[in-house]
Amino acid sequence: MPTGGTPGRPPGRPPGRPYGRLPGRPPGRPSGRPATAGVRAILDSEGTPDVFKMAVRRLKEQGVLDERIREDCSMDWRAERAALDEYIEQLGMQPSYVPRPGEVVLWAPEYQGELAWNHETKRVEMYAPDQNEWLGTPAWRAGIVGQTPEEDTVLQDLVITAPKKSGVNYSGFRVETFPDPQSYDKSYSLHYKYVHLLCIKPFNAYELFLQGISPEELHPSIGYAMTIMSSFSLLDKYHFKGTWPNAAIYCRGIFIGAELLVVGDAVRLKPALPSSSDEAHKAVEDVMVIDEIRLELVNCVNDPMSDQLAERYQVRVAGKVYTNAPQRASAGTYGTSQPSPMKHEEVIDVFQSIGMGGYGSWYRVWKGATVEVSQNMIIGRCYEPDAMNLLFGSCSLGQDLSGVIKAREYSRKVDERIPEGKDWFWGDFRTQTLAIDTLNGQDVGYYSDARDIKMWRANLRILDGTADSADLRMAKLPGNVGRPSTKARSNFSEIGKLSRLVSTGLGAADVSNPVSSEEGPNLPDEEDTSESDEVFTLAMNQLPGGTDESEEGDYRPSPEP
């Protein structure tokens, strides 16, 4: 330590910067702010600490890293935690055929009678058994599920609505017509309605319900929805683990095309046979129960200024695979033993959905080893056999295989967001994947007028007890500083009025959209203004099934760590 002092300085205080202080750092810290353990945070474009880049930096320094992801400085993360945890837990107790928020579905605003195959018109049409009369095809369109019913949904609702205690606004689904993801015009989002489950069908099965209908007769939203079928986004990134230079981010869910898949779901896997075969739908025999969803970072980039976390990314969905085909069960046994079917108790224990024994006997594939597949190998959720019979009149696992492959190939031809040489568009979040700026009548994501990052960050510091006077000003709290309040009110009541996101995180009153379905716009028959009619016609009529050469073929168990 230097000795002596500059004239005017208090005795004993060293001149200049104290020994050991990092160059460029001003002395002291703002009062009330916690230290960051001597590490400067890496910020994203909104000024929020980028936990993933900081995790990559720690991985580089330590060589091995295994930690839970927390984004305490992100209002988005803080506000969604309780609701998201509860929601994902509820999905595990919900039948797999029930549409989930954020999913794309095939729906009709009006529906009468029951669906049946008309041999004369070669179409699936509405049939009134009481009058013995065909009522024509429903006015099918594609839509986004915005809200799910407050009342429980039962199997009967697939074909005829069971008695409900409440009106359709509470016992039905809110579905918004899907807008063009490649246009600034999102007015179709205003064309919404509350409908019961019998008006909704899985979008993956669009080819079955729309057969016999020419592309010119279809609503434009059908083509818009097909545009996003080769896209995915990850839900709830909760864990980071790696050994330099590779790492993986573990997630609890993934949106693939039209559907949301979460850990615990049973999903159907593509077969190795060509999809153009007439018997392709019978070739789907394997079902995976998801144990893990990972985003793998290959060759991480330890550069705070880089836009990328790694040189290459790949999604891997891992789990055990089961089949109802005895010949498939011999995979991995090399013919050394005859596989035996699983016991009834084992089937109940393995599958989250009840009644899976209705598909017949189940066998373990690869002797029960964990298998990894890419998102391209997944067709969609595996519904309960009773639901399959009501929806399709068959328990075949591949009813929608041809349509899913054609839709993905169509998406790769028309979705301008897919990079050159790639087969998938990777969205940071679901609303970006769908390219929507409103849902349930409210602005979402970065388009929200209530998205005041500085105000949110200041409120987070107030909640954490680390705020200073500048934060109190930035928080925009009601009332005058220094003057006692004359009435009791919540400090966050005004903020709650601005955003459902903030009100959810802070426990404020419900601020859902007050507009009812009667007050919303009508649903006229719009003209198709799509500029991709020719490609869409090809996809609907004669497009061969596409393949991803890097991801196709039979899958094998994961290597031992």
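Residues numbered from 1 in each chain as written. Predicted model: local features only at pLDDT ≥ 70, side-chain atom pairs only at ≥ 80, totals over all residues. Heavy atoms only, no water.

**Student:** Even after reading the chapter, I still don't get empty space enclosed by the protein, so can you show me in this structure?
**Tutor:** With a probe scaled to a water molecule rolled over the atoms, the places where space remains empty come into view. A full pass over the atoms with the stated rule returns 7 cavities of 30 Å³ or more. Forming the walls of the largest cavity are 18 residues, and the residues nearest its centre are Tyr 97, Pro 99, Lys 201, Pro 202 and Tyr 383. No other element matches strand β9 (residues 200-202), which puts 3 residues into the lining of the largest cavity. Looking at side-chain class alone, the lining of the largest cavity contains 13 nonpolar, 1 polar and 4 charged residues. Empty space within the second largest cavity amounts to approximately 60 Å³. Class assignment of the residues belonging to the lining of the second largest cavity gives a composition of 4 nonpolar, 1 polar and 4 charged. (1 Å grid on protein atoms, 1.4 Å probe; cavity = no way out; pocket = protein on both sides within 12 Å on 5 of 7 lines; lining within 4 Å. Points joined across faces, edges and corners; volume = space filled by probe spheres on them. Helix = DSSP H or I, 4+ residues; strand = E, 2+ residues; numbered from the N terminus. Nonpolar A, V, L, I, M, F, W, Y, C, P; charged D, E, K, R; others polar.)

**Student:** Looking at this structure, I do not really get the nonpolar core. What am I missing?
**Tutor:** Nonpolar side chains in soluble globular proteins tend to end up buried together. Among the nonpolar cores identified, the biggest contains 38 residues, and Phe 240, Ile 249, Ile 254, Met 288, Leu 297, Val 373 and Ile 378 are the most heavily contacted of them. Breaking this core down by element, the ones donating at least two residues are α1 (51-62), β10 (231-243), β11 (246-256), β13 (266-269), β14 (286-300), β15 (310-323) and β17 (370-373). Setting aside residues up to four positions removed in sequence, Phe 240 forms contacts with Ala 55, Val 56, Leu 59, Leu 65, Asp 66, Glu 67, Ile 69, Ala 247, Ala 248, Ile 249 and Leu 297. Counting residues in hydrophobic clusters, the runner-up holds 36 residues, among them Phe 173, Val 195, Tyr 359 and Leu 397. (Core = buried A, V, L, I, M, F, W, Y, C linked by side-chain atoms within 4.5 Å. Buried < 20%, exposed > 50% of the residue type's maximum accessible area, 1.4 Å probe, protein only. Contact = heavy atoms within 4.5 Å.)

**Student:** Which parts of the structure should I look at to understand the sheet that holds strand β4 (residues 123-128)?
**Tutor:** Strands belonging to one sheet form pairs held by backbone hydrogen bonds; the direction of such a pair is parallel or antiparallel. The 3 strands are arranged β3-β4-β5 in an open sheet whose pairing can be described as antiparallel. The open sheet terminates on both sides in strands that have one partner only, identified here as β3 (114-118) and β5 (133-136). Across this sheet, the average inter-strand angle for adjacent strands is 55°, counted without regard to direction. Looking at chain direction, β4 and β5 are connected through 3 bridges and run antiparallel. Across the sheet, Ala 128 pairs through a bridge with Glu 133, a residue of β5. (Pairing = 2+ DSSP bridges. Axes fitted to C-alpha atoms, helices over the stretch in contact; angles between N-to-C directions.)

**Student:** Please explain the sheet that holds strand β8 (residues 192-195) as it appears in this structure.
**Tutor:** Taken together, the 5 strands give an open sheet; going across it, the order is β8-β7-β6-β2-β9, and neighbouring strands pair in antiparallel fashion. On the outer flanks of this sheet lie β8 and β9, each paired with one strand and no other. The average undirected angle you get between the axes of adjacent strands in this sheet is 45°. With 3 bridges connecting them, strand β2 (residues 104-107) and β9 associate as antiparallel partners. Residue pairing in the sheet places Trp 107 in a bridge with Ile 200 of β9. Against the sheet, helix α5 (residues 220-227) contacts β2, β6 (141-147) and β7 (173-177), and its axis sits at roughly 70° relative to β6.

Just geometry here; none of it tells us what the structure is for.
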